[in-house]
Amino acid sequence: MNEILIRGRVLTFLAEPQGIDDAASYRYIEDGAVYVRDGKIVEVGSYGDIRKLADAGIRIADHRPNLILPGFIDTHLHFPQTQAIASYGAQLLEWLNTYIFVEEQKFARAAHAAEVADRFMDELLSNGTTTAVAYCSVHPESVDAYFTAAEARGMCLIGGKVMMDRNAPDALRDTPQRGYDETKRLIAKWHGRGRAHYAISPRFAITSTPEQMEMSGALVTEHPDCYVQTHLSENRDEIAFATSLYPEAKDYTDIYARYGLLNSRTLLGHCIHMSEREVTVLAETGAVGVFCPTSNLFLGSGLFNAAQFDKRGARWSVATDVGAGTSFSMLETMDEAYKVLHLQGQRLTPFNSFYRMTRGNALALGLEKQIGSLQAGADADIVVLDSSAKSAMEFRMRTATSLAEELFILQTMGDDRNIREVYVAGKPMKAKDAKQQATVSQRSEAALFA
Ligand code: GUN
Ligand code: ZN
């Protein structure tokens, strides 16, 4: 039996926060503890109560005065684009052709895919992200590399081979039949193995023929427990091109609807320029719009309208979208999300940001029992946040008087330097920080916001 008691200021969400100070939406325990056994959370509560439950000799990871939250969840990014972040100057279609379709060709080499997959997982973890949903390249070897690297770390990851059979270089194109066969084989190999989940991944309507879309729909019907991921309404030129390729469709969303690709396990990257009709279709099908603020600003794509989704009862999640996204950090992502919504007169409260990165994204994936919350029975994927890790933050934190303010400072000024530790299924993953951890446990035990 492998047990650990993780002590610190525990914060977890129970529901979506309504307003700036919705105390009923979260549970905060100033001197709290998470009791973990064999990778699962046994109990969460005050340190005093939890200490009594555990064996006298249990290992204690004392993270006071740091915050303990569920590990962050990133619902959309591209693992083969890890080395293509910060590619200059172009909007979506030019950016794909100039940089991305060149970069992704390197993943025909299994050794390259394995090297990048390792770096990718390490970047996720060093940013406090314990679950991600990623596109791999068209090469099945890239999917093997991705899930192998995740499995080695015990991570709950979702991903799949991109399918593309037109409007891409020869070296990146499959065919409808090959895309189907390779996806079938990869689902059989990886879906449900350990913590892995497969996502059926036609890249977007522009790079798939109607025949490939039809076969993607068949895959969705044959594997209803797999996820589906694609891109929708990111950029005006993209929308015009996509709809010109499918003249019978009512609009871009209708292309995917016609091929049976929209359901409650579908993740649609971007959804920026959406009509009311399209958002209503997402609400009706349960498909999730994925808000990727750093990407949308970097590519000049536009501003995601969260209020439009909320008004229609459509679901949305948040994500980095590396490599159009400019950071692996969900903290930096929510900083940009705040600004994108602010520009449209909308407010994203600090509690709502942290809800979105954790329980909100878990709900979007239908994995809320396993991840995204610190609750008995959940997987022990946990992040430890040090709000004073940077000198400017430490100075700013001296004037903070509430938890909401601390969270807003973390999201506005924070990055990977604030990730003190990250646990995957109860296992600490930042070994290089072991010495720092010892120092933390000796720090002041004074309550921050007593
Ligand atoms: N649309 C189709 N492929 C991509 C991609 O790789 N990144 C982004 N941002 N949009 C896409
Ligand atoms: Zn994407």
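In this text, all values refer to a predicted model and were calculated from it rather than measured experimentally.

**Focus: helix 3 (residues 110-126)**
Over its 17 residues, helix 3 runs 24 Å from end to end, which matches the ideal 24 Å to within 8%, given 1.5 Å per residue. Among the residues of helix 3, those classed as buried are His112, Ala113, Val116, Ala117, Phe120, Met121, Leu124, Leu125 and Ser126. In the core, the buried residues of helix 3 are packed alongside strand 5 (72-78), strand 6 (129-135), helix 4 (140-153), strand 7 (156-160) and strand 15 (419-424). Glycine 128 occupies a position one or two residues after helix 3 and carries a positive phi of about 85°.

**A look at the site of ligand 1**
Neighbouring residues of ligand 1: 14 residues in total, closest His78, Gln81, Arg203, Glu234 and Asp321. Residue glutamate 234 places a side-chain N or O atom 2.7 Å away from a nitrogen atom belonging to ligand 1. Here a nitrogen atom of ligand 1 and a side-chain polar atom of aspartate 321 are 2.9 Å apart. Compared with its free state, where it exposes 280 Å², ligand 1 has 100% of that area covered by protein. Put simply, ligand 1 lies in the largest cavity. Here the shell around ligand 1 takes 3 residues from helix 2 (residues 92-103), the largest share from any one element. Considered class by class, the residues forming the shell around ligand 1 number 6 nonpolar, 5 polar and 3 charged.

**A word on the pattern of salt bridges**
According to the stated counting rule, one finds 30 salt bridges in the structure shown. Notably, a salt bridge pairs aspartate 386 with arginine 420, separated by 2.5 Å at the nearest N-O pair. With aspartate 386 in the loop between strand 14 (382-385) and helix 14 (391-397) and arginine 420 in strand 15, this pair connects stretches of sequence that are 34 residues apart. The class of aspartate 386 is buried, set by a relative accessible area of 3%. For arginine 420, a relative accessible area of 12% puts it in the buried group. Between aspartate 415 and arginine 417 there is a salt bridge; the shortest N-O distance is 2.6 Å. On the accessibility criterion, aspartate 415 (7% relative accessible area) is buried. What emerges from the salt-bridge pattern is a single network uniting Lys40, Arg195, Asp379 and Asp381.

**A few points about the side chain of glutamate 238**
If you trace the backbone, glutamate 238 turns up in helix 7 (residues 236-245). Nearest to the buried, unbridged glutamate 238 among oppositely charged side chains is arginine 203, at 9.3 Å. Within the structure, glutamate 238 has its side chain in polar contact with the side chain of tyrosine 252 (distance 2.7 Å). The contact partners of glutamate 238, leaving out residues within four places of it in the chain, are Leu92, Leu93, Phe204, Ile206, Leu232, Ser233 and Tyr252.

**A word on the confidence of the model for the protein**
In the predicted model, the protein carries a mean pLDDT of 95, and 96% of its residues have values of at least 70. Here residues 433-446 scores under 50 on pLDDT; set against residues more than four positions off or in separate chains, the count is 19 contacts.

**Examining the packing of helix 12 (residues 330-342) against helix 15 (residues 403-413)**
With their axes 6 Å apart at the nearest point, helix 12 and helix 15 run at an angle of 100° to one another. Taken together, the axis directions place helix 12 and helix 15 in an arrangement best described as roughly perpendicular. Two secondary-structure elements touch here, helix 12 through Leu331, Met334, Asp335 and Tyr338 and helix 15 through Phe408, Leu410, Gln411 and Thr412.

**What to know about the UniProt feature "domain: Amidohydrolase-related" (unreviewed entry) in the protein**
Under the present numbering, the feature "domain: Amidohydrolase-related" (unreviewed entry) in UniProt falls on residues 68-428. Taken end to end, residues 68-428 comprises 43% helix and 17% strand; its first and last C-alpha atoms sit 13 Å apart.

**Digging into the packing of helix 12 against helix 13 (residues 350-364)**
The geometry of helix 12 relative to helix 13 is characterised by a closest axis approach of 9 Å and an angle of 120° between their N-to-C directions. Classified by the angle between their axes, helix 12 and helix 13 sit oblique to one another. Seen from above, helix 12 lies across helix 13 with right-handed handedness. In this structure, helix 12 contributes Met330, Leu331 and Met334 to the contact, and helix 13 contributes Ser353, Phe354, Arg356, Met357 and Asn361.

Parameters at a glance
- Residues numbered from 1 in each chain as written.
- Chains lettered and ligands numbered in written order.
- Predicted model: local features only at pLDDT ≥ 70, side-chain atom pairs only at ≥ 80, totals over all residues.
- Heavy atoms only, no water.
- Helix = DSSP H or I, 4+ residues; strand = E, 2+ residues; numbered from the N terminus.
- Expected span 1.5 Å × (residues − 1).
- Buried < 20%, exposed > 50% of the residue type's maximum accessible area, 1.4 Å probe, protein only.
- Contact = heavy atoms within 4.5 Å.
- Near = heavy atom within 4 Å.
- Polar contact = N/O pair within 3.5 Å; in protein donor to acceptor, adjacent residues only side chain to side chain.
- Areas by Shrake-Rupley, 256 points an atom, 1.4 Å probe, with all protein chains shown as cover.
- 1 Å grid on protein atoms, 1.4 Å probe; cavity = no way out; pocket = protein on both sides within 12 Å on 5 of 7 lines; lining within 4 Å.
- Sits in = over half its atoms within 2 Å of the grid points.
- Nonpolar A, V, L, I, M, F, W, Y, C, P; charged D, E, K, R; others polar.
- Salt bridge = Lys/Arg side-chain N within 4 Å of Asp/Glu carboxyl O.
- Lys, Arg positive; Asp, Glu negative; His and termini not counted.
- pLDDT = per-residue confidence, 0-100.
- Axes fitted to C-alpha atoms, helices over the stretch in contact; angles between N-to-C directions.
- Parallel < 35°, antiparallel > 145°, perpendicular 65-115°, else oblique.
- UniProt positions renumbered as here; feature names shortened; annotations may be inferred.
- Left-handed = near helix turned anticlockwise from the far one by under 90°.

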